Every structure is written in structure tokens, then in C-alpha cells.
Amino acid sequence: MAKKYELNEVEVWDGNMAAAQALRQAQVDVVAAYPITPSTPIVQNYSQFLADGYVDGDFIMVESEHSAMSGCVAASAAGARAATATSSQGFALMVEVLYQASGMRLPIVLTVVNRALAAPLNVNGDHSDMYLGRDAGWINLCSYNPQEAYDLTLMAFKIGEDLDVRLPVMVHQDGFLCSHTAQNVRPLQDEVATEFVGDYKPVNSMLDVSNPVTHGVQTEEDWHFEHKARQHNDLMNSKKVIKRVFDEFKDLTGREYDFVYKYKMDDADIAIFALGTTVESAQVAADKMREEGIKAGVVSLRVLRPFPFEEVQKALSNIKAVAAMDRSAPGGTFGALFNEISAAMLAAGKSPVILNYIYGLGGRDTTIDHLVDIYRQLDECAKAGERKYPLQQFIGLRGPKLSFY
Amino acid sequence: MTKKIKNLKEFSLSNDRYEGANLMCPGCSHNIIVREVLNATNDPVIVATATGCLEVCTAVYPKTSWDVSWIHIGFENAAVAIATAQAAYEVLKRKGRLPEATKKMLEEGREPKFVAFAGDGGTYDIGFQSLSGAFERGHNFMYVCLDNEVYANTGGQRSSSTPIGASTTTSPAGTVSYGEKMMKKSMVEIMSDHGAPYVAQVSPSKWKDLVKKVQKGFEVNGPVYINAQSACTTEWKHAPEDTIEVSDLGVESCVWPLYEIINERDEHGIIYNTKLNITYRPKNKIPVEEYLAAQPRFKHLFKPENRHIIDLWQKAVDTKWEHLQRREEAGV
Ligand SMILES: Cc1ncc(C[n+]2csc(CCOP(=O)(O)OP(=O)(O)O)c2C)c(N)n1
Ligand code: SF4
């Protein structure tokens, strides 16, 4: 039995500590991990919990992220609760195995501290890794600050392990801006958290000697499609369970989560649509605009996968212009978020003007002034009822301005 | 619990956990080895397999050849998979959360065995990182390399286990080439140097020796490496009915010496004593040429311009055999 950890009503935690504490409280059976900046403190904190008797499980420092995720898959198939953390290159090395985890329907939890992908090598935050893993068949939850990283990591276990879901879950947080920024966090006491997360009830455990099971079969064209369709179906339908868990968490803590996060959107004409820590900066910029009488709001996603299609359509239904903010190198097309928002609004049959801003790559600061400038462009478009600026612009880049289309 | 085995007939009829009627080629040694390993114990066995012939031919949905729990994740991770499943077992045992039937088995004083099977590609090359890591960390499992000296599943490309002179699809013999240029990696020694408590080389043709070593390995606490010679009818290009004959030529020529290395060590991996035993000594060591001649993958070596490669082979095999005998004598 693990020792109880004494927690104050309010703790000062950075995002890494918040995630590590949530893993501890979920009493994960097996954590197999490999360090990488900026998520390293998660595994360090976790080892200290183990060294001090606060965790009763196994922590395996494997020799690579590929093995870390492989270890999680095997432990989970054996019937253990499994989790790990990574960033960037480590995430990239895991990608092959991310697909195995979701294809085998194993509810592993992965905390991703988002960081740029090399080259050039860069340890700072952007969302390149988030988008690299977006289509791996995992549920993807996004947090903006340490409190949310903690809350969503606890909820991740409950969502992924639900028998109607049985899928792995990633919880994203911004490298350094969240992972290394200490803030007040209101934790649950250990017993409350443990009860909320609940016991893990494995399906088809490899350790049941009376019932041998085969995990990770080969299928060709005669079955592969059916497997993938079923997996997609259950991922799409996981929204019901996600909603239920969000509601239960609200009843327990008063903290409210929804698929789409909205700030001052009820009467907004223009909106910034961003993920991660930028959401909080955008709120400050929106307040500034509102002082000038410009009705600005902020929209974000809590749940990147399954993509909350209808909720996005609804959030933007009365907006005249919206900025789709992509914090990852677009690699020869529009930003990933822009593409998804545009698709949703095209299908809605009524679209606001949508501009694509590429920003903050490799940890480049995005200031309130940048966001105010974006709101001003949106405001002009809203007033004109048409796009007055290039479709894709780079924000905060040195040298000549860069824009496309 | 060590299983007593009297003769081959009894052995072949005992306690089958693996259906031999699968999609492997006729005469494939992988099948023989897997059956021999699984038959060596009465305890439950939990298996991880790397990508390769064994995996693609034995678990094609909705069928499976495995009547033991089995997992395939990828090409590179059989070692870490089985090691972590074993670690999960220890945690769940401690927490009292094992399935009921497994708890009952424990009360009877039995424990499951954790075994990984991988080809030489999944072992010598792409899976080496996870294999090395799992051995260094001292997990409690057995790793069996089905060493057919080639990437068979993808059509016969060279691996770092392919021996000199073998013609493969990526080291083909041609008008100016005799095929593979390098002798194979010494995997048994490499794994022994990881401090593994038990490491052995086996051939399916010497089934009693194989079973004895597997049983020894199952008794050991810590990582065990078994390098199994696995003649591949498709890539070695011999007739299916000659598999055991070809394997035996390998053993009798000392191309494939049968030996074991025992590292006496404590729970921290500190080794106090190393012992090498040659477990089969051919009465009349036959020339390597006879082994090579039985396999068309070496056919071109018998052309006059390539004869020197056969001489090199003989020299390499003699040197290694000499070395093994000296190690055995010296007890190191
Ligand atoms: C990451 C990755 N790279 C390449 C492959 C393609 N591949 C599948 S099996 C295989 C060769 C297997 O060879 P080996 O391990 O020697 O086993 P064998 O088929 O000979 O039994 C290869 C290259 C793969 N599945 N995964
Ligand atoms: S190709 Fe070789 S290793 Fe593969 S199944 Fe056939 S005989 Fe066995």
C-alpha cells in the first residue's frame, strides 16, 4: 500500500508536478518512461514519489521512448494501469507504438508536454508533436495551465478505461509555459482522487491463465477495415463518456469542462481560436478590445480528438471573422487547426471569414500586442464582410513578412 | 516445475500449446523450436513475438495458433513487451489483483513463464536496443532468437546475422560478388556480456539438449537468452524434409556449436563466476563444406573464384571452436 501524500487545499505546482501528482493519485501500476525536456520533471517527480513510498507500482526507466510506449502497451495488455509522459522527439519515436496502443484498445494515459520537432533542434514549446499524433486513434485532451493538466490527467484514466471507450488518452500541456510555470493548483485529497478515478478493470488480461488471449493479430483486407471502423466508431462515440466524466468532475470540484472552451463568445463578432496557454493571453487581448467597444471573444478546444464538430460549428455560428491559430510548422499547407475549423464551417453551410495565423514556433513569444493586431485584422474583415488579409500569415517572425494566398 | 521428458514420442504428444497447422512454410524450423520450447514446461507460458514469419503466420485474425497468452506489438519490442508484462505480473501479484485462476495457480506453487520469440532481424538488428535494455535492467524472462540468418518475412534480405558468402536478396551473389561480406555477429557472447545469468545456443535437431537448456533457463531468476539455429527452407533453399539434416550438419561441423554460459551473479547483477560448457561435442567434426553444400544459398561458393570463401569459413569456425574449448577448460 502506498503512503498517503499530505496535500494542502492549494498547492503551488507547475504543470509537470501537476501531471505527476495525478499519475500518483491514479496509482498507476506500471509507468515505463524515458526523459526528455520539457516533460522530464514528470518522471523525476514520479521516481521521488516511488522512492518515498507514495506509489505502489513499478516505475521502469527504459532505454528509449519506443520502449516506454511498448512497455505501456504490454503492461496494459497484461491488465495493469499504465501511463507515461514525453515530448517532441520522444513523442516522435513513440508514434509507431501509439497506433498499436489504440488498435489494441488499451487505455494508456500519455502526458504530452508539447515541444517543437527538430530540425533545428529546439527544446521549447510548440504544437508540432501534438499534431504528429493527432490521427493515432487516441483521445486527445488539451490543458492550458497546471490546474487543468492535473484535472484532465485524472479524468483521462476514467474516460479511457470506460468499457464503452477502451482507448488510450493523451493529455497535452504547453512546454515551459505550462510545464515549468508554477501556479496555484487545488488538488483533490488522495482518497477523493482515487475514488473518482476508480479501480481499473482490465479486459482480456494476458495474465489470466484460464483464458489465454491473442493481442496484436494480423489482419489483411478481409478484416482490417472492420477493425478500424469499429475503433473509429468507438472513438467518435466516446464523446458521451467524456461528457459524463466532465459532469461528474464538476459535481465533485465545481470545475467545469466542455468540449469547446468559450470566453465572452455569447455576443462576440470576432474570435481567436487557439490551443494551449495562448488561450489565456487571448482572453486578456479580448478584454482590451472590448474596452474599445469591439466585441471580441476566444474559442478553444478541450478535446482535440474526437473532434467536436457540432460544438465548433455552434461556437462560431454567429461570428463574422475568426483567427485559426496554429502553433506548428504547417509543412506545405494550411495549419492543421485551420483545416479542421474550415471543414467544420464549410459543412455548417455558413462560415465566418477564417484566417490562418502561424505563431509561436519553437517557443517564440506571442505577445498581447500580436493578439490585438490579429483582432484588428479580424475586425476589419468582420466590418467589410470579406477577407481583407492573406489567408495564411506568420506572426512574430523576424525579417520580411511572410504570408500565403 | 521441471517437466520430466523420457522420449521423443512422449515429448511430441505432450501438452500442446501451439497449433503446428499454421501458415509457416513446410519444414520451417521456427515451428519446431516454438513447440519444443513450449513443451519444455507444464507451467503457464505468456509469449511476446516480434514481427516476422512467426508472427504473420500464426495469428491471422480471426484465427490463432496460440493456446497461451500472446502479444505482438512491433518488430523492435518483443523484449521490452515481455519484460514489462512480467513486471506488471509482479505488481498485480503484490496488489492481489491477478485473475482468480492465476491466483489459484500460485497457491499450487506454480508461476507463469514469460517468453519472447523473435527472428534474427528482430534480435541482432532492429530489436537490439530493447533487448539490451531489458537484459541490463535484469527483468525475469526468456528471450529466444529464431536465428535463420536472414529477414525471411520480407523476402530474404541480409541481417547482421547473415554469414559470409550467403546470397541474400540484398547481398546477392553476382558476377563480381560472392554475396555477404561479413561474418555474423556473436550474439551469444554479446548477451552473456550483458551479465545475463544464463545464455545458450541450441539447435532443434538436438531436441533433448534444447529442452534441457530451456528448462534450466526457466529455473533462473533474471533474463535468459537462447540462440536457436533455425533452418529456413525458403531462404536457405533446401528441401523441407532436409531441415533437421541441414541443422545437424551445422552442429556436426561446429558451424553451430551447442554450448551454454552460466554467469553466477547476485541480485544487483554483480558476476562472481562465469562458466562456459560445451554441451555437444561431435565425434567426428565434419568439414564446413558439407554444411555449405547442403544449402543452395551457398552454391556459388563452390565456383573456383569463390573457393577462398569456403577456406575463410573453415578458418572462422575452427577458431571459434578452439576458443570455446579453451574457455570451457579455463572455466571463464
Ligand atoms: C519498423 C519496421 N521495419 C520494417 C518492418 C518490415 N519487416 C517485417 S518482418 C521483417 C523481417 C523479419 O526478419 P527476422 O526478424 O529475421 O524474422 P524472420 O521473418 O526471418 O523469422 C521486416 C524487415 C517492420 N515490420 N517494422
Ligand atoms: S520463410 Fe523461412 S522462416 Fe519464414 S516461414 Fe518459411 S521457412 Fe520459416
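Enquirer: For this particular structure, what's the right way to read the overall build of chain A?
Expert: When you go through chain A residue by residue, the secondary structure sums to 12 helices and 17 strands. Its C-alpha atoms give chain A a radius of gyration of 21 Å, within 12% of the compact-globule value 22 Å for 405 residues. Across its three principal directions, the C-alpha atoms of chain A cover 70 × 55 × 45 Å. Relative to its 405 residues, chain A shows a buried fraction of 61%.

Enquirer: Any chance you could explain the overall build of chain B here in plain terms?
Expert: Of the regular secondary structure elements, chain B holds 13 helices and 10 strands. The globule rule puts the C-alpha radius of gyration for 332 residues at 20 Å, and the 20 Å found for chain B is close to it. Overall size of chain B, expressed as C-alpha extent along the three principal axes, is 70 × 50 × 40 Å. Long-range contacts, defined as pairs at least 24 residues apart, comprise 69% of the intrachain contacts of chain B with a sequence gap of at least 6. Split by element, the accessible area of chain B, about 13500 Å² in all, is 54% carbon and sulfur. Positive and negative side-chain charges in chain B, numbering 39 and 41 respectively, have mean positions lying 2 Å apart.

Enquirer: What am I meant to see in the side chain of A:R105 here?
Expert: By the secondary structure assignment, A:R105 is in the loop between α4 (88-103) and β5 (109-114). Look past the residues within four positions of A:R105 in its chain and what remains in contact with it is A:V165, A:R166, A:L167, A:R230, A:Q231 and A:D234.

Enquirer: For this particular structure, what's the right way to read the nonpolar core?
Expert: If you look at soluble globular proteins, the nonpolar side chains tend to sit buried side by side. Counting 93 residues, the largest nonpolar core has A:L98, B:Y143, B:Y225 and B:W313 as its most contacted members. No other element matches helix α4 (residues 78-94) of chain B, which puts 12 residues into this core. Leaving out residues up to four positions away in the same chain, A:L98 has contacts with A:M69, A:F91, A:L110, A:A136, A:W138 and A:M170. A:Y5, A:A33, A:V109 and A:V241 belong to the second largest nonpolar core, which has 50 residues in total.

Enquirer: Any chance you could explain unusual backbone geometry here in plain terms?
Expert: In most cases, non-glycine residues show a negative phi, while peptide bonds are predominantly trans. That bond from A:R305 to A:P306 is cis: its omega, -5°, falls within 30 degrees of zero. Mapping A:P306 onto the fold places it in the loop between β13 (303-305) and α10 (309-315). Following B:Y61, the chain continues to B:P62 via a peptide bond in cis, the omega torsion being 5°. Phi angles above zero are rare outside glycine, and B:K237 is one such case at about 70°. With respect to the secondary-structure elements, B:K237 resides in the loop between α10 (233-236) and α11 (243-252).

Enquirer: Whenever I open this one, the pairing of strand β2 (residues 69-72) of chain B confuses me. Can you help?
Expert: A regular strand places its side chains so that they alternate between the two faces of the sheet. Neither face of β2(B) is left uncovered, since the one carrying B:S69 and B:I71 and the one carrying B:W70 and B:H72 both have all their residues buried. Taken together, the two bridges between strand β9 (residues 214-215) of chain A and β2(B) define a ladder with parallel strand orientation. Bridging from a neighbouring strand, A:T214 pairs with B:W70 of β2(B). Relative to β2(B), strand β1 (residues 45-49) of chain B runs parallel, the two being bridged by four bridges.

Enquirer: Quick question: what am I supposed to make of the pattern of salt bridges here?
Expert: Once the charged atoms of two side chains with opposite charge are near each other, the side chains can pair. Enumeration over the complete set of coordinates arrives at 49 salt bridges over all chains. In this structure, A:E63 and B:R137 form a salt bridge, with 3.0 Å as the shortest nitrogen-oxygen distance. Taken together, the residues span two chains, with A:E63 in the loop between β3 (58-61) and α3 (65-78) and B:R137 in the loop between α7 (128-136) and β4 (142-147). The salt bridge involving B:K93 is made with B:E90; its shortest N-O contact spans 3.7 Å.

Enquirer: Help me understand the site of ligand 2, please; the structure alone is not making it clear to me.
Expert: Every residue close to ligand 2 is listed here: B:C25, B:C28, B:H30, B:C53, B:N148, B:A152, B:C232, B:T233 and B:T234. Looking at side-chain class alone, the shell around ligand 2 contains five nonpolar, four polar and no charged residues.

Enquirer: I would appreciate a short explanation of the pairing of strand β8 (residues 224-229) of chain B in the present structure.
Expert: Residues and elements named next belong to chain B. Most of β8 sits inside the fold, with six of its six residues counted as buried. Across the two faces of β8 the burial is the same, with V224, I226 and A228 and Y225, N227 and Q229 all buried. For β4 and β8, the ladder comprises six bridges, and the chain directions are parallel. Of the residues in β8, the one forming a bridge with L146 is A228. Where strand β7 (residues 198-202) lies against β8, five bridges are found, and the strand directions are parallel. Bridge pairing links V202 to A228 in β8. In the classification by handedness, the crossover that spans β7, the intervening helix α9 (residues 207-219) and the parallel β8 is right-handed.

Enquirer: What is the right way to read the site of ligand 1 from this model?
Expert: Near ligand 1 you find 18 residues, and of these B:H30, B:G121, B:G122, B:V150 and B:A152 are the closest. Ligand 1 sits at a junction of chains, with neighbouring residues supplied by chains A and B. B:N148 is positioned with one of its side-chain polar atoms (N or O) 3.0 Å from an oxygen atom of ligand 1. The contact in question runs from an oxygen atom of ligand 1 to an N or O atom on the backbone of B:A152, over 2.9 Å.

Enquirer: Even after reading the chapter, I still don't get the sheet that holds strand β12 (residues 296-301) of chain A, so can you show me in this structure?
Expert: Adjacent strands of a sheet pair through backbone hydrogen bonds, lying either parallel or antiparallel. Residue and element names in this part refer to chain A. Here seven strands make up an open sheet; going across it, the order is β10-β12-β11-β14-β15-β16-β17 and the pairing mixed. Pairing within the sheet leaves two strands with one partner each, and these edge strands are β10 (260-263) and β17 (403-404). Relative to strand β15 (residues 353-359), strand β14 (residues 321-326) runs parallel, the two sharing six bridges. Its bridge partner lying in β15, D326 is registered against I358. Sitting on the sheet, helix α9 (residues 278-291) is in contact with β10, β11 (270-273), β12 and β15, with an inclination near 165° to β12.

Enquirer: I would appreciate a short explanation of the interface of chain B and chain A in the present structure.
Expert: By a widespread convention, an interface's size corresponds to the accessible area lost as its parts come together. Contacts between chain B and chain A engage 43 residues on the former and 45 residues on the latter. With both chains or domains summed, chain B and chain A bury close to 3400 Å², and 61% of this area falls on carbon and sulfur atoms. In terms of surface lost to chain A, no three residues of chain B exceed B:Y61, B:I71 and B:I73, which account for 18% of the buried area on that side. At the junction of chain B with chain A, the criterion picks out four salt bridges.

Enquirer: Looking at this model, I keep getting lost on the sheet that holds β4(B). Mind explaining?
Expert: The mixed open sheet is built from nine strands, whose spatial order is β9(A)-β2(B)-β1(B)-β3(B)-β4(B)-β8(B)-β7(B)-β9(B)-β10(B). Bordering the open sheet on either side are β9 of chain A together with β10 (271-278) of chain B, each of which pairs with just one other strand. Sheet analysis places β7(B) next to strand β9 (residues 259-265) of chain B, joined by four bridges and oriented antiparallel. Paired with B:Y198 across the two strands is B:I262, which belongs to β9(B).

The rules we used
Residues numbered from 1 in each chain as written. Chains lettered and ligands numbered in written order. Predicted model: local features only at pLDDT ≥ 70, side-chain atom pairs only at ≥ 80, totals over all residues. Heavy atoms only, no water. Helix = DSSP H or I, 4+ residues; strand = E, 2+ residues; numbered from the N terminus. Rg over C-alpha atoms; globule rule 2.2 N^0.38 Å. Buried < 20%, exposed > 50% of the residue type's maximum accessible area, 1.4 Å probe, protein only. Contact = heavy atoms within 4.5 Å. Areas by Shrake-Rupley, 256 points an atom, 1.4 Å probe, with all protein chains shown as cover. Lys, Arg positive; Asp, Glu negative; His and termini not counted. Charge placed at Lys NZ, Arg CZ, Asp CG, Glu CD. Core = buried A, V, L, I, M, F, W, Y, C linked by side-chain atoms within 4.5 Å. Pairing = 2+ DSSP bridges. Salt bridge = Lys/Arg side-chain N within 4 Å of Asp/Glu carboxyl O. Near = heavy atom within 4 Å. Nonpolar A, V, L, I, M, F, W, Y, C, P; charged D, E, K, R; others polar. Right-handed = clockwise from strand over helix to strand, strands pointing away. Polar contact = N/O pair within 3.5 Å; in protein donor to acceptor, adjacent residues only side chain to side chain. Axes fitted to C-alpha atoms, helices over the stretch in contact; angles between N-to-C directions. Buried area = accessible area lost by both parts, 1.4 Å probe.

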